[in-house]
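Per-entry structural report
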Amino acid sequence: MTMRNMAVAFALGLALAFSLEAPAQARKAAVPSPQAEDLALKAEDPSLQAETPFMRLAIAEALAGIRQGHGGPFGSVVVKDGKVVAKGHNKVLQMHDPTMHGEIDAIRGACRALGTHDLSGCEIYTTGEPCPMCLAACLWANISKIHYGCTIADNTRIGFRDETMDKQLGGRKGLRGYLIPVDRKACLSLFDAYLKLNPRRY
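Since this is a predicted model, take the numbers as computed values, not measurements. (Residues numbered from 1 in each chain as written. Predicted model: local features only at pLDDT ≥ 70, side-chain atom pairs only at ≥ 80, totals over all residues. Heavy atoms only, no water.)

A short note on unusual backbone geometry
The residue H96 is not glycine, and still its phi comes out positive at about 55°. Mapped onto the fold, H96 is located in the loop between α4 (92-95) and α5 (102-114). Located in the positive-phi region is D183, a residue other than glycine, with phi close to 55°. On the basis of relative accessibility, which here comes to 14%, the residue D183 falls in the buried class. (Helix = DSSP H or I, 4+ residues; strand = E, 2+ residues; numbered from the N terminus. Buried < 20%, exposed > 50% of the residue type's maximum accessible area, 1.4 Å probe, protein only.)

Dropping the structure here:
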């Protein structure tokens, strides 16, 4: 084989090697990284954005409700001694009951589970700051703390009347230590998911 032929053969070999390697690199680049998959999942499921485990459960409960058309994006979890006692979500449209808010549903479930009307020592995690009715229900049930995601103002942004009623009743300045904000960003993502469903307003 002449030197010229050897050079041509070598060049052809390199070209073949690169052509085989390039698709493999392309396939490797096409595989999403774990970080990218994690971000995609979080965008699809707002509960994965929450840092607090109990708020994750509350958001998941709310998602289940809005996907079934039960009511607004409000899920709640009652906790005692670090353990879930009951979960609930807004069922106003499903039950044709204006009082069937997420907190009320969870409180009723907790009372049944514990066999008592007195929920002393229990805390509640809820995706939206409680309306005046639910706030009063928590006080009547002796719930020790309320951990909420979105604010009353956020509730107004998606079409609910909580803020108007709150002003009529004088606000809640005296309950700042009782109402504890947590995971608002994750709960706002839940509210955005709710709006995308073009929900029936009430």
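What follows continues from the structure just given.
Side note on α5
Its 13 residues place the ends of α5 18 Å apart at the C-alpha level, agreeing with the 18 Å of an ideal helix rising 1.5 Å per residue. Among the residues of α5, those classed as buried are G102, E103, I104, D105, A106, I107, G109 and A110. Looking at the packing, one finds that the buried side of α5 touches β1 (75-80), β2 (83-89), β3 (122-128) and α6 (132-140). G115, located one to two residues past α5, shows a positive phi value of around 65°. (Expected span 1.5 Å × (residues − 1). Contact = heavy atoms within 4.5 Å.)

Here's the deal with the nonpolar core
Grouped together as the largest cluster of nonpolar side chains are 22 residues, with contacts concentrated most on M55, I59, I158, L190 and F191. With seven residues, the single largest contributor to this core is helix α3 (residues 53-67). Counting residues in each nonpolar core, the second largest holds 20 residues, with A86, I104, A110 and A141 among its members. (Core = buried A, V, L, I, M, F, W, Y, C linked by side-chain atoms within 4.5 Å.)

As for the sheet that holds strand β4 (residues 145-150)
Pairing within the open sheet is mixed, and its five strands lie in the order β2-β1-β3-β4-β5. Edge positions in the sheet fall to β2 and β5 (179-181), since each has one partner strand and no second. Within this sheet the neighbouring strands show an average axis-to-axis angle of 20°, counted without direction. By the bridge criterion, six bridges tie β1 to β2 in an arrangement that is antiparallel. Within β2, the position partnered with V79 by the bridge is V84. (Pairing = 2+ DSSP bridges. Axes fitted to C-alpha atoms, helices over the stretch in contact; angles between N-to-C directions.)

By themselves these figures say nothing about function.
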